[in-house]
Amino acid sequence: MNTAHSGLVKAVIPAAGLGTRFLPATKATPKEMLPVVDKPAIQYVVEEALAAGLTDVLMITGRNKYALEEHFDRNCELEDTLRRKGDYERLSRIEQSADPATLHYVRQGDPRGLGHAVLCAQPHVGDEPFVVLLGDDLIDPRDPLLTRMAEVRQEFGGSVVALMEVDPDQVHLYGCASVRPTADEDVVRITDLVEKPAPGEAPSNHVVIGRYVLDPAVFEVLRTTEPGRGGEIQLTDALRRLAEDETIGGPVHGVVFKGRRYDTGDRGDYLRTIVRLACEREDLGPDFRAWLRQLVAEGS
Ligand code: G1P
């Protein structure tokens, strides 16, 4: 099953961040274009949305993000050259995973936080539920998460957030949820949320990972959400208001994800993601794993 039965059509991918953690690599290149093995990180995210049956992808971009549009457009000259050379293997690698017509772009202008980025999607999304995917979190395609979230939205209405349980010393890096169990083992009711709680102040170890199914009521809430953590308009703060008062846009539930998630948000996690995915690749993995074993044995 995919999200096609749930009325979900549109995906929003915020991609306006400056990527300062990866400077100088991201001085002129969007961080979303950094390769994870041999595909830009953003391509995994777009493929996840399409695999879930979403057919309309809106990217929230900003200055210096032209490469994103180029990447998802066809490059006929390159295709012709590879075809003339008979290099069908490489040609297949640039065959579009997404029809360029399914991708749309809007610029955030003044980057005022994730909540503000999502608000920029309102004219495109209109009055229908939609999905938000954050590019720093990659979800393994073998562990579908969005389809489960779509089912939960269908069952309860309102909004649905992806959660993971993490070690308590990691909670301060994320939005954190107070939760109550439901009859479904992997679904919780969210009663409160706090963005990046100070150590010792976290209500639980259930943290928000970057997948959301949002009721359009979130837009009106975002419009009046004051800057929060870091002086930015936080999506977490808008969701907290929805969770506190379900007459606004229905309840907020969490799907507790136990599958494989790869973080590409900082340099260490990014490197770990690449090594793990390279090891698993059929074409690159065998040689790479042997080399890695040797490297470790040498104690470097
Ligand atoms: C954002 C959200 C945070 C969430 C995280 C998931 O934070 O604000 O609530 O837990 O993504 O990756 P960021 O990592 O962009 O600072």
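What you see is a predicted model, and the numbers here were worked out from it, not measured in a lab.

Below, the discussion takes up the packing of aromatic side chains. Per the stated rule, a full pass over the model turns up three aromatic pairs. Measuring from centroid to centroid gives 5.0 Å for F130 and F219, while their planes differ by 0°, and the two rings are stacked. Of the two residues, F130 is situated in strand β6 (residues 130–133) and F219 in helix α8 (residues 217–223); the sequence distance between them amounts to 89 residues. Classification of F130 as buried rests on a relative accessible area of 0%. Here the guanidinium or amino end of K39 rests over the ring plane of Y44, the centre of that ring lying 4.5 Å away.

For strand β4 (residues 56–61), the tally of buried residues reaches six of six residues, placing the bulk of the element in the interior. The alternating pattern of β4 places D56, L58 and I60 on one face and V57, M59 and T61 on the opposite face, and all of these are buried. Inspection of the sheet shows strand β1 (residues 10–14) paired to β4 by five bridges, in the parallel sense. Bridged to I13 within β4 is M59. Two strands pair when backbone bridges link them, and β4 and strand β5 (residues 103–107) are joined in this way by five bridges, in the parallel orientation. Looking at the pairing, M59 lines up with Y105 of β5.

The rules behind each value
Per chain, residues are indexed from 1 in the order of the written sequence. For a predicted model such as this one, the threshold for reporting local features is a pLDDT of at least 70, and the threshold for listing and counting side-chain atom pairs is 80 or more; totals across whole chains, interfaces and linings nevertheless cover every residue. Hydrogens and waters are ignored; side-chain quantities use all the structure's heavy atoms. Pairing of aromatic side chains here covers Phe, Tyr and the six-membered ring of Trp, requires ring centres within 6.5 Å, and sorts the geometry by plane angle: under 30 degrees stacked, over 60 edge-to-face, intermediate tilted. Only DSSP runs of H or I covering at least 4 residues are called helices, and only runs of E covering at least 2 are called strands; the numbering of each starts at the N terminus. Relative accessibility thresholds used throughout: buried, under 20% of the residue-type maximum; exposed, over 50%; partly exposed, between the two (1.4 Å probe, protein chains only). Criterion for a charge above a ring: Lys NZ or Arg CZ within 6 Å of the ring centre, and within 35 degrees of the ring normal. Two strands pair under a simple rule: DSSP has to find at least two bridges between them.

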